[in-house]
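Summary of the model geometry
Letter by letter, the chains look like this.
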Amino acid sequence: MNERTSEVLAEGFTDLVVVCTNDRDADYACCGGVGGDEVAAAVREWLRERDAFWTHVYVVETSCLGLCSSDGAALAVQPRNEWYSGVDADEVPALLESVFGADATDLGAPA
């Protein structure tokens, strides 16, 4: 095991966007079944367009965040401790702009 916290912080990592892409065979909604993959792709695209992908902001796909909705995927932004549900890929630009600013320059946990 290698502890790499200092290295990651030295590279300027400030934020983590966690997108649920969990898919399961069930009678109730899951993010994988309501666009989770598309939401994750939209997050990456928005960040790439602003040169913030894998520089200051990391994006990770995860299993269930416990915010299941038939309206869209669940998403969390850390360390801001902001949680969203029912996110559609078309809503990602407005959501990320509200979190990170139009140019993705409002990085790091708010004061």
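Structure shown above.
The rules behind each value
- Residues numbered from 1 in each chain as written.
- Predicted model: local features only at pLDDT ≥ 70, side-chain atom pairs only at ≥ 80, totals over all residues.
- Heavy atoms only, no water.
- Helix = DSSP H or I, 4+ residues; strand = E, 2+ residues; numbered from the N terminus.
- Rg over C-alpha atoms; globule rule 2.2 N^0.38 Å.
- Buried < 20%, exposed > 50% of the residue type's maximum accessible area, 1.4 Å probe, protein only.
- Pairing = 2+ DSSP bridges.
- Right-handed = clockwise from strand over helix to strand, strands pointing away.
- Expected span 1.5 Å × (residues − 1).
- Contact = heavy atoms within 4.5 Å.
- Polar contact = N/O pair within 3.5 Å; in protein donor to acceptor, adjacent residues only side chain to side chain.

Turning next to the overall build of the protein. In terms of regular secondary structure, the protein is built from three helices and four strands. Each helix (α) and strand (β) of the protein, taken in turn from the N terminus, gives the series α-β-α-β-β-β-α. Its C-alpha radius of gyration of 14 Å places the protein within 12% of the 13 Å reference for a compact globule of 111 residues. Counting only C-alpha atoms and orienting by the principal axes, one finds that the protein spans roughly 45 × 40 × 25 Å. Evaluated residue by residue, the protein yields a buried proportion of 36% over its 111 residues.

A word on the pairing of strand S1 (residues 15–20). Judged by how many residues are buried, S1 sits mostly within the fold: five of six residues are covered. Strand direction decides the pairing type here: S1 and strand S2 (residues 57–62), joined by six bridges, are parallel. Residue pairing for S2: cysteine 20 is matched across the bridge by threonine 62. Between S1 and its parallel partner S2, the chain crosses via helix H2 (residues 36–49), and the hand of that crossover is right-handed.

Another point: H2. Spanning 14 residues, H2 covers 20 Å between terminal C-alpha atoms, matching the ideal 20 Å at 1.5 Å per step. Of all the residues in H2, the buried ones are Gly36, Val39, Ala40, Ala42, Val43, Arg44, Trp46 and Leu47. As for H2, its buried residues are in contact with S1, S2, strand S3 (73–78), strand S4 (82–87) and helix H3 (92–100).

On to the side chain of arginine 80. Its location among the elements puts arginine 80 in the loop between S3 and S4. Taking the relative accessible area as the measure of exposure, arginine 80 reaches 11% and is therefore buried. A distance of 2.5 Å separates a polar atom in the side chain of arginine 80 from the backbone oxygen of aspartate 106.

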